[in-house]
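# Examining the three-dimensional arrangement
Chain by chain, the residues:
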Amino acid sequence: MTAAQRWLRRAVPATPQELAAALWSFGYFFALLAGYYVLRPLRDQMGIAGGTRALPWLFTATFVTLLVAQPLYGVLVARLPRARFIPIVYHFFVVNLAVFWVLLALGIEPVIVARVFFVWVSVFNLFAVAVFWSFMADLFTSEQGKRLFGFIGAGGTAGALLGPAITIALSVPLGPHNLLIAAIVFLEIAVFCVHRLERSAGVSPGHRRDESRVGGSAFAGLWGVLRSPYLLGVAAWVSLLSFGATMLYFAQANVVSATVQGAGAQTRIFASIDLAVGLLTLATQVFATGRFLQRFGTGVAAGALPAVYVVGFLALAVAPTLAVIVVFQVVQRWMNFAIANPARQVFFTVVGREEKYKAKNLIDVVVYRGSDALYGWVYDVLHAVGLKLGAIALCAVPVVFAWLILSAALGRMQERRAGGPDSSREARR
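Values in this document were obtained by computation on a predicted structure and should not be read as measured data. (Residues numbered from 1 in each chain as written. Predicted model: local features only at pLDDT ≥ 70, side-chain atom pairs only at ≥ 80, totals over all residues. Heavy atoms only, no water.)

With that settled, the discussion passes to the overall build of the chain. Helix and strand counts for the chain stand at 14 helices and 0 strands. When the helices and strands of the chain are read in sequence order from the N terminus, they spell out α-α-α-α-α-α-α-α-α-α-α-α-α-α. Relative to its full complement of 429 residues, the chain shows a buried share of 57%. Taking the intrachain contacts of the chain between residues at least 6 apart in sequence as the baseline, contacts between residues at least 24 apart amount to 86%. (Helix = DSSP H or I, 4+ residues; strand = E, 2+ residues; numbered from the N terminus. Buried < 20%, exposed > 50% of the residue type's maximum accessible area, 1.4 Å probe, protein only. Contact = heavy atoms within 4.5 Å.)

Here you go:
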């Protein structure tokens, strides 16, 4: 075995049967997040350009948009096999990007377009990533997910490194709107990877190319969540994830807006945060995530993120400064992408196929963005009644501590479903 082969086996904890699927999944997530992270700093800057007071309305608009889009997605999933509906979703977003590029290049209603673009990127991010992880949960078992989701996630992290690097290098000389062309190219590469992944060898004898439709109704995801205590718990976990992220995001937007002047400087700060998160996450995912999940399980891994939020909000209550905001943002996103998010995706490997595409999408998209809208108004109300940033951070501590307790409970339920003596009975709940 050559040195390169030894390194590949160490970095990719896959069997020979799984290797092709793991590598194409890596490439798929790489292209998807490279495209998103080209757009993310531009979205954050446009959110400020539209006025920070408009952010709660933008979050609410995102939620309303998702309420309309979710049933349409449910119909698409029910009627088409995944080999067809996944490319359709991404091609739809490509067409949207082309329209935004024309509007921004011509300078048509820049404030309105900026606000619509902010909402659109938020919708695109959740839908695009949710579809990806639904596909992964459909392909891989719980045991495979613990071994491989860290490596597959590293593909997204590598893309998340390339995206902000492109933005930092080209946003000033080319103009931010021309970065949309790079995002279009990356999305088309992602679609190519989907086709190759469908054609690759199955990850196990029970996982062959699936030409069947998921079936069911457009609203089956909602009934699936309401009937399952396990999925309700996952939905609560995602809502609390939104709580922490939204409180921190609004704090970041207000502090950056007040202390950093100029669109270029603000965009560079956001891109620099993305770059730091990507470097830390990539190293962790390649060398530690799989081992961490296998040794400590999904409960501890999922609980690592709320533990960071407990410490971070306490630090922010003591010192509500830009430096603390930046460090807190980097650490929580690092822990989310490297440890907690792979654990959350493993949660869905032990549910039925319809739940993987419909209930999961409902939780990851509608519940998450609905929570964003709710908590955005919560932050706005707390700010309006006179609470400063430090006091708001202190109010958040008990909520994220409850999130930590929920993580442990969900971990125990997932482990029982995956392999315990009650796994068959649990899987029906």
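We now examine empty space enclosed by the protein. Evaluated as defined, the whole model comprises 5 cavities of 30 Å³ or more. The volume enclosed by the largest cavity comes to roughly 800 Å³. Taken together, 42 residues make up the lining of the largest cavity; nearest its centre are Arg40, Asn125, Asn336, Phe337 and Tyr368. Among the secondary structure elements, those contributing two or more residues to the lining of the largest cavity are helix 2 (16–49), helix 3 (55–79), helix 5 (110–139), helix 6 (142–174), helix 9 (229–259), helix 10 (263–318), helix 11 (322–347) and helix 12 (353–384). Counting residues per element, the lining of the largest cavity draws most heavily on helix 11, which supplies 8 residues. Class assignment of the residues belonging to the lining of the largest cavity gives a composition of 19 nonpolar, 15 polar and 8 charged. (1 Å grid on protein atoms, 1.4 Å probe; cavity = no way out; pocket = protein on both sides within 12 Å on 5 of 7 lines; lining within 4 Å. Points joined across faces, edges and corners; volume = space filled by probe spheres on them. Nonpolar A, V, L, I, M, F, W, Y, C, P; charged D, E, K, R; others polar.)

When the terminal C-alpha atoms of helix 3 are compared, their 36 Å separation across 25 residues agrees well with the 36 Å that a helix rising 1.5 Å per residue should span. The sharpest bend along helix 3 measures roughly 25° and falls at alanine 69, with the proline proline 71 sitting one to four residues further on. For helix 3, the set of buried residues is Leu55, Pro56, Leu58, Phe59, Thr62, Leu66, Gln70, Pro71, Tyr73, Gly74, Val77 and Ala78. (Expected span 1.5 Å × (residues − 1). Bend = angle between axes of the 7 residues up to and from the residue.)

For the rest of this paragraph, the subject is the environment of phenylalanine 132. Relative to the helices and strands, phenylalanine 132 resides in helix 5. Discounting residues that sit within four places of it in the chain, phenylalanine 132 has contacts with Ser25, Tyr28, Phe29, Leu32, Tyr90 and Ile152.

Attention shifts here to the packing of aromatic side chains. The final tally for this structure, using the stated rule, is 30 aromatic pairs. Pairing tyrosine 309 with phenylalanine 328 gives two aromatic rings, centres 5.5 Å apart and planes at 70°, and the pair type is edge-to-face. Linking tyrosine 309 in helix 10 with phenylalanine 328 in helix 11, this pair joins segments that are 19 residues apart in sequence. Taking the relative accessible area as the measure of exposure, tyrosine 309 reaches 0% and is therefore buried. Aromatic ring contacts, followed pair by pair, group Tyr28, Phe29, Tyr90, Phe132, Trp133, Phe135, Phe140 and Phe149 into a single cluster. Here lysine 360 stacks its cationic end above the ring of phenylalanine 348, 4.8 Å away from the centre of that ring. (Phe/Tyr/Trp six-rings, centres within 6.5 Å; stacked < 30°, edge-to-face > 60°. Lys NZ or Arg CZ within 6 Å of the ring centre and 35° of its normal.)

Let us look at a nonpolar patch on the surface. Residues Trp101, Val102, Leu106, Ile108, Ile181, Val185 and Ile189 make up a contiguous nonpolar surface patch of roughly 590 Å² in combined accessible area. For the nonpolar patch, the secondary structure elements donating two or more residues are helix 4 (82–106) and helix 7 (179–199). With respect to the helices and strands, the residue leucine 106 is situated in helix 4. We classify leucine 106 as exposed; its relative accessible area is 60%. (Patch = residues over 30% accessible without salt bridge, like charges linked within 9 Å, V, L, I, M, F, W, Y side chains within 5 Å. Areas by Shrake-Rupley, 256 points an atom, 1.4 Å probe, with all protein chains shown as cover. Salt bridge = Lys/Arg side-chain N within 4 Å of Asp/Glu carboxyl O.)

Despite not being glycine, glutamate 109 shows a phi value in the positive range, around 45°. If you trace the backbone, glutamate 109 turns up in the loop between helix 4 and helix 5.

Take helix 4 next. For helix 4, spanning 25 residues, the distance from its first C-alpha to its last is 37 Å, which sits close to the expected 36 Å at 1.5 Å a residue. Just downstream of helix 4, glycine 107 is the residue with a positive phi angle, here 70°.

Viewed as axis vectors pointing N to C, helix 3 and helix 9 meet at an angle of 140°, and their least axial separation amounts to 12 Å. Relative to helix 9, helix 3 is oriented oblique. As helix 3 runs across helix 9, the sense of the crossing is right-handed. Note on element contacts: helix 9 touches helix 3 through Thr246, Tyr249, Phe250 and Ala253, opposite Leu55, Pro56 and Phe59. Per-class residue counts for the contact of helix 3 with helix 9 are 6 nonpolar, 1 polar and no charged. (Axes fitted to C-alpha atoms, helices over the stretch in contact; angles between N-to-C directions. Parallel < 35°, antiparallel > 145°, perpendicular 65-115°, else oblique. Left-handed = near helix turned anticlockwise from the far one by under 90°.)

Let's shift gears to the layout of surface pockets. Roughly 390 Å³ of internal volume is contained in the largest pocket. Lining the largest pocket are 15 residues, with Ala69, Phe92, Phe93, Val123 and Phe127 sitting closest to its centre. Only helix 3, helix 4 and helix 5 provide two or more residues apiece to the lining of the largest pocket. Looking at the lining of the largest pocket residue by residue, the class counts come to 13 nonpolar, 2 polar and no charged.

So, on to the side chain of serine 407. Structurally, the position occupied by serine 407 is in helix 13 (residues 389–419). The class for serine 407 is buried, based on a relative accessible area of 0%. There is a polar contact of 2.8 Å between the side chain of serine 407 and the side chain of tryptophan 237. With sequence-adjacent residues up to four places away left out, serine 407 is seen in contact with Trp237, Gly299, Ala302, Gly303 and Pro306. (Polar contact = N/O pair within 3.5 Å; in protein donor to acceptor, adjacent residues only side chain to side chain.)

The subject of this paragraph is the environment of valine 399. Its location among the elements puts valine 399 in helix 13. Those residues in contact with valine 399, other than ones at most four positions away along the chain, are Leu240 and Phe243.

Where helix 3 meets helix 12, the axes come as close as 8 Å, and the angle between the chain directions of the two elements is 170°. One element, helix 3, and the other, helix 12, form an angle in the roughly antiparallel class. Class assignment of the residues belonging to the contact of helix 3 with helix 12 gives a composition of 15 nonpolar, 7 polar and 4 charged.

Scanning the entire structure with this criterion turns up 5 salt bridges. Note that lysine 146 and glutamate 415 form a salt bridge whose closest N and O atoms lie 2.9 Å from each other. With lysine 146 in helix 6 and glutamate 415 in helix 13, this residue pair connects regions lying 269 residues apart in the sequence. Since its relative accessible area comes to 13%, lysine 146 is described here as buried.

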